[in-house]
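Listed below are the residues making up each chain.
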Amino acid sequence: MIYDGIHPTAIIHDSVELGEGTTVGPFTCIGAGVKLGKNNRIASHVVIEGDTHLGDDNQIFSFASVGTTPQDLKFKGGKSELRIGNSNRIREYVSIQPGLEQFGGLTSIGNNNLFMANSHVAHDCHVGNNIWMTNSAALAGHVTLEDNVIMAGLSGVHQFCRIGEGAFIAAGAMVTHDVPPFCMAQGDRAKLRTINKLGLERKGYSPDEVRRIFKVFTLLFVNKGTMEEKLAVLQKDHGDFAPAQKLKTFIERSQRGLITYQKDRGENAA
């Protein structure tokens, strides 16, 4: 429920900065150091604490916890920041936590993201733009989600993993290694199944581009050979194709290693 203005039962520290048009519902608590930009809609019973800055046009629903101290026993104070961009929707019981000083001290959230009920973003995560984390999806510490990722319900990502642009994490998947861009991961422990064809189509990729991405996927993750050999073939045959280059760069920068391919019976090719 959205309220006009600041409800008289809200508890807001004197140091809090509230941008023009921002509203705060009843029984919400906003602690020292918080900065809220313009036209944010904060519902009832929300807690926002710490060195937390929100941009404009965000909506936070009841019982969300934003910026409270990290759930990490190493946390002893020090630099611990949370930065959230614009036009995000943070639903009921979502928890988003700031960073730890020894790891840089920053958790960052981009723009136009949807965090559905009970989803969790841990300390030192970096979440891009246009991401959906559906009900009870969870990120451990130090996870990076690139733009346009979808995490289905009850999925989880192990600490220090990277999820590439446009990837789809299926319901219940437990991800323990990096997921390349444009790919679909499923299972416990999650395996690559195919490309995220529907996601690519929704983002405006042409049928020819989708088919070519599937060919690159097959080359890199299905065909035999070392990754070094396959990347050489990719560069030779697809050096002019931007999605192929994005995959190549992602693989070369992986520190945790990639999840592996497992054939999905009945999966339609692109």
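Anything mentioned here points back to the structure above.
Considerations on helix α4 (residues 242–253)
- Between its first and last C-alpha, α4 extends 17 Å over 12 residues, near the 16 Å set by a 1.5 Å rise per residue.
- Taken together, the buried positions of α4 are occupied by Pro 243, Ala 244, Leu 247, Lys 248, Phe 250 and Ile 251. Each buried residue of α4 sits inside an arc of 165° when the element is viewed along its axis, so together they form one side. Set apart from the buried face of α4 by more than 90 degrees, the exposed residues are Ala 242 and Arg 253.
- Where α4 is buried, its residues meet β23 (162–163), α2 (207–222) and α3 (227–238).

A look at the side chain of Glu 165
- Inspection of the secondary structure assignment puts Glu 165 in the loop between β23 and β24 (168–169).
- In contact with Glu 165, other than residues within four places in its own chain, are Glu 146, Asp 147, Asn 148, Pro 181, Phe 182, Tyr 205 and Lys 246.

Overview of the sheet that holds strand β3 (residues 23–24)
- Across the sheet, which stays open at both edges, the 10 strands sit in the order β3-β6-β9-β12-β15-β18-β21-β24-β26-β27 with mixed pairing between neighbours. The sheet is open, and its two borders are formed by β3 and β27 (191–195), each paired with just one other strand.
- Relative to strand β15 (residues 114–115), strand β12 (residues 89–90) runs parallel, the two sharing 2 bridges. The residue of β15 that forms the bridge with Ile 90 is Phe 115.
- Together, β26 (183–186) and β27 form the strand contacts of α2, whose direction differs from that of β27 by roughly 150°.

Calculation rules
All residue numbers refer to positions counted from 1 along the written sequence of the respective chain. The model is predicted, so local features are restricted to residues of pLDDT at least 70 and side-chain atom pairs to those at 80 or more, both for listing and for counting; the totals for chains, interfaces and linings are taken over all residues. As a rule here, side-chain values come from all non-hydrogen atoms in the structure, and water together with hydrogens is ignored. Starting at the N terminus, helices and strands are each numbered in turn, a helix being any DSSP run of H or I of at least four residues and a strand any DSSP run of E of at least two. To estimate how far a helix should reach, multiply one less than its number of residues by 1.5 Å. Each residue's exposure class comes from its accessible area (1.4 Å probe, protein chains only) as a fraction of the maximum for that residue type: buried when under 20%, exposed when over 50%, partly exposed otherwise. By definition, the arc is the one covered by directions from the helix axis to the C-beta atoms. By definition, residues are in contact when any of their heavy atoms lie within 4.5 Å. By definition, two strands form a pair when at least two bridges between them are found by DSSP. Whenever a helix is involved, its axis is fitted only over the stretch in contact; in every case the axis is a line through C-alpha atoms, and angles between N-to-C directions fall within 0 to 180 degrees.

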